[in-house]
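# Structure at a glance
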Amino acid sequence: MEEMLLVYTTWPDAETAQAAGLAAVQARLAACANILAPINSIYCWKGAAAQHAETPMLLKTRRSCAPALRELILARHPYETPCFIALAPSPDASNSEFLRWIEEQTDEP
């Protein structure tokens, strides 16, 4: 089985996150997109502290889809420097049936 990834990204609002998540699933680059409740992000940007509400999204994908998924997300993202972080779950600590489902729902680009 190919290595699966969990991608974390943040958006300015639920609408833009939902549109990007739907595009990723329809393109079969992600098996699933979870749009989460708004969060309060505090960070430094261009030398100043900033604080904004954001909408986080989790995407489940396979490693071979990650580059095309990253391109899709970055092309649709309104931020100058979007968050796109791919994390590899531990296969032996995960539900292998769920990991297999991710693989079945995605296509290699």
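All values reported here derive from a predicted model rather than from experimental measurement. (Residues numbered from 1 in each chain as written. Predicted model: local features only at pLDDT ≥ 70, side-chain atom pairs only at ≥ 80, totals over all residues. Heavy atoms only, no water.)

## Observations regarding the overall build of the protein chain
Helix and strand content of the protein chain: three helices and five strands. Going from the N terminus to the C terminus, the protein chain shows its helices and strands as β-α-β-β-β-α-β-α. Taken over C-alpha atoms, the radius of gyration comes to 14 Å for the protein chain, in line with the 13 Å a tight globule of 109 residues would show. Oriented by its inertia axes, the alpha-carbon framework of the protein chain measures out at about 45 × 30 × 25 Å. The long-range fraction of contacts in the protein chain, counting pairs at least 24 apart against all pairs at least 6 apart in sequence, stands at 76%. Accessible area for the protein chain stands at about 6300 Å²; split by element, carbon and sulfur atoms hold 55% of it. Within the protein chain, one finds 8 positive and 13 negative side-chain charges whose respective centroids are separated by 2 Å. (Helix = DSSP H or I, 4+ residues; strand = E, 2+ residues; numbered from the N terminus. Rg over C-alpha atoms; globule rule 2.2 N^0.38 Å. Contact = heavy atoms within 4.5 Å. Areas by Shrake-Rupley, 256 points an atom, 1.4 Å probe, with all protein chains shown as cover. Lys, Arg positive; Asp, Glu negative; His and termini not counted. Charge placed at Lys NZ, Arg CZ, Asp CG, Glu CD.)

## Here's the deal with the nonpolar core
Trp11, Ala24, Met57, Leu59, Leu69, Leu72 and Ile73 are the most contacted members of the largest nonpolar core, which totals 15 residues. Breaking this core down by element, the ones donating at least two residues are strand S1 (4-11), helix H1 (14-26), strand S4 (48-62) and helix H2 (66-76). The dominant element in this core, judged by the number of residues it contributes, is H1, at four residues. In this structure Ile73 touches Thr9, Trp11, Ala20, Met57, Leu59 and Phe84, once residues within four positions along its chain are discounted. (Core = buried A, V, L, I, M, F, W, Y, C linked by side-chain atoms within 4.5 Å. Buried < 20%, exposed > 50% of the residue type's maximum accessible area, 1.4 Å probe, protein only.)

## Things to note about the pattern of salt bridges
A side chain of one charge can pair with a side chain of the opposite charge if their charged atoms are brought near each other. Tallied over the full model, the rule gives four salt bridges. Its salt-bridge partner being Glu80, residue Lys46 comes within 3.1 Å of it at the nearest N-O pair. With Lys46 in the loop between strand S3 (39-45) and S4 and Glu80 in the loop between H2 and strand S5 (85-87), the pair connects residues that are 34 residues apart, well separated along the chain. Residue class for Lys46 comes out exposed when judged on its relative accessible area of 63%. The exposure class of Glu80 is exposed, given its relative accessible area of 59%. (Salt bridge = Lys/Arg side-chain N within 4 Å of Asp/Glu carboxyl O.)

## A word on the pairing of S4
Direction of pairing for S1 relative to S4: antiparallel, over a ladder of eight bridges. By the bridge assignment, Leu5 is partnered in S4 with Thr61. Examined bridge by bridge, strand S2 (residues 32-35) and S4 share four bridges and lie antiparallel to one another. When the bridges of S4 are listed, Ala33 appears paired with Leu59. Strand direction decides the pairing type here: S3 and S4, joined by seven bridges, are antiparallel. Each residue of the ladder has a partner; that of Asn40, found in S4, is Ala53. Linking two consecutive strands that pair antiparallel, namely S3 and S4, is a turn of two residues; a positive phi of about 55° is found at Lys46 within it. (Pairing = 2+ DSSP bridges.)

Keep in mind these numbers describe shape, not what the thing actually does.
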